[in-house]
Structures are given as structure tokens and as C-alpha cells.
Amino acid sequence: MPAKKSAAVQALGEAIRSARRERGFSQEAFAAHVGLDRSYYGAVERGEFNITIDTLLKIAGGLGVRLSTLLSRARL
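A few points on the structure. (Residues numbered from 1 in each chain as written. Predicted model: local features only at pLDDT ≥ 70, side-chain atom pairs only at ≥ 80, totals over all residues. Heavy atoms only, no water.)

## Things to note about the overall build of the protein chain
Let me state the cut-off plainly: Only runs of H or I of at least four residues qualify as helices and only runs of E of at least two qualify as strands under DSSP, and these elements are numbered from the N terminus. This radius of gyration counts C-alpha atoms alone. The globule rule is 2.2 Å times how many residues there are, raised to the power 0.38. Throughout, exposure labels follow a simple rule: accessible area from a 1.4 Å probe, protein chains only, divided by the maximum for the residue type, with under 20% read as buried, over 50% as exposed, and the rest as partly exposed. The contact criterion used throughout is that any non-hydrogen atoms of two residues lie within 4.5 Å.
Broken down by element type, the protein chain carries five helices and zero strands. Element order for the protein chain, N to C, with α for helix and β for strand: α-α-α-α-α. Its C-alpha radius of gyration of 11 Å places the protein chain within 12% of the 11 Å reference for a compact globule of 76 residues. Over its C-alpha atoms, taken along the principal directions, the protein chain stretches across nearly 35 × 25 × 20 Å. For the protein chain, the residues scored as buried account for 38% of the 76 residues in total. Within the protein chain, counting contacts between residues at least 6 apart in sequence, those at least 24 apart form 57% of the total.

## Focus on helix H2 (residues 27-34)
This is how it is decided: Arc, as used here, means the arc of the directions from the helix axis to the C-beta atoms.
Among all positions in H2, only Gln27, Phe30, Ala31 and Val34 are buried. One face of H2 carries all of its buried residues, which in axial projection span an arc of 100°. Residues of H2 that are exposed and point more than 90 degrees away from the buried face comprise Glu28 and Ala32. Considering only its buried residues, H2 is in contact with helix H1 (7-22), helix H3 (38-45) and helix H4 (53-63). Gly35 lies just past H2 and shows a positive phi near 80°.

Here you go:
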């Protein structure tokens, strides 16, 4: 049985996905843009990983937003 996903991690993944789509990036192109493996990045958007602050900062930087903006969009 798979582990239950954290609601907070899922909300953050959804906020990241939404911001990426607004900027017109495909998942694959954005992952390459920020230097992450595409399958790992996809799992981040699905809320499957509790990612590090360093990875969050890399994603926020790639989106051109502050980390606080992503957290706010996720209502965290």
C-alpha cells in the first residue's frame, strides 16, 4: 500500500505546476531549465516527495518567483 501523500506537499506541487503552466513550460523543458531529472520533477508536481529547501529555491528561481509566492499560492 503506498504511503499517504501529505496535503501540504500536494498543495505545493499543484502550485508549482500551475505556475509552470502559466509560464508556458512543458514539464520536460522546465525540468531541464532548472537542472532536475524530468521524472523526479514530475513527482514533485504530484506531491510525491518532501523536497529540500534547495530544490524549492531552484524551482522558484526557474519560475522567476520568490519561494514565499509559491507557498502563498499553495496556501501554506
